[in-house]
Amino acid sequence: MEQFGQLILPVAFFAIFYFLVIRPQSKRTKEHRAMVNALTAGNEIIFAGGLMGRIKAIEGDYAVVSLNNNTDVKVQRASVISVLPAGTIESV
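What you see is a predicted model, and the numbers here were worked out from it, not measured in a lab.

1. A look at the packing of aromatic side chains
How two aromatic rings sit relative to each other is given by the distance of their centres and the angle of their planes. Under the defined criterion, the tally for this structure stands at two aromatic pairs. Here Tyr18 and Phe19 contribute two aromatic rings whose centre-to-centre distance is 5.1 Å and whose plane-to-plane angle is 80°, an arrangement assigned as edge-to-face. An aromatic cluster is built from Phe14, Tyr18 and Phe19, whose rings are joined through pairwise contacts.

Following this line, the structure appears as structure tokens:
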């Protein structure tokens with residue numbers, strides 16, 4: 001019976017760690033992966049540098065993003081933090 005008591009504590013710690021850390025992180029990762037895979041030309045985005053722009057083209061793992069009429073940059077699709085509602089850039 002004493003061995004059972006020593007086994008239950010590490011199992012309880014792992015269960016708490018799993019439900020408070022591992023599971024929420026894997027859920028966020030899955031949501032981000034789905035968002036990145038759904039990117040298309042014309043989406044308005046914010047990427048990791050904090051810059052906002054409109055996607056001009058998707059080239060494999062990269063996206064060509066227009067920051068203004070004269071400036072285009074190529075960023076990794078995984079660096080996109082969020083997709084903005086259409087028209088957000090003009091209203092800022």
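2. Here's the deal with the environment of Leu67
Here Leu67 shows up in the loop between β3 (62-66) and β4 (72-76). Taking the relative accessible area as the measure of exposure, Leu67 reaches 27% and is therefore partly exposed. Taking C-alpha positions, Leu67 is 7.7 Å from Leu51, a pair spaced 16 residues apart along the chain. For Leu67, the contacting residues outside a window of four places in its chain are Phe47, Leu51, Met52, Gly53 and Val73.

3. Description of the sheet that holds β3
Strand order in the open sheet formed by five strands is β4-β3-β2-β1-β5, and the pairing between neighbours is antiparallel. Strands at the two margins of the open sheet, each flanked by one partner only, are β4 and β5 (80-84). For this sheet, the mean inter-axis angle between neighbouring strands, taken without regard to orientation, is 45°. Note that β3 and β4 share five bridges and pair antiparallel. Bridging across to β4, Tyr62 finds its partner in Gln76.

4. Focus: the domain arrangement of the protein chain
Under the domain assignment, the protein chain is made up of domain 1 (1-37) and domain 2 (39-91). Taking the mean C-alpha position of each, domain 1 and domain 2 sit 34 Å from one another. In this complex, domain 1 contributes four residues to the contact, which on the side of domain 2 involves seven residues. Buried area between domain 1 and domain 2, both sides added, is near 440 Å², and the carbon and sulfur share of it is 53%. Taken together, the connections running from domain 1 to domain 2 amount to zero salt bridges.

Rules of the game
Residues numbered from 1 in each chain as written. Predicted model: local features only at pLDDT ≥ 70, side-chain atom pairs only at ≥ 80, totals over all residues. Heavy atoms only, no water. Phe/Tyr/Trp six-rings, centres within 6.5 Å; stacked < 30°, edge-to-face > 60°. Helix = DSSP H or I, 4+ residues; strand = E, 2+ residues; numbered from the N terminus. Buried < 20%, exposed > 50% of the residue type's maximum accessible area, 1.4 Å probe, protein only. Contact = heavy atoms within 4.5 Å. Pairing = 2+ DSSP bridges. Axes fitted to C-alpha atoms, helices over the stretch in contact; angles between N-to-C directions. Domains from an automatic or database assignment. Buried area = accessible area lost by both parts, 1.4 Å probe. Salt bridge = Lys/Arg side-chain N within 4 Å of Asp/Glu carboxyl O.

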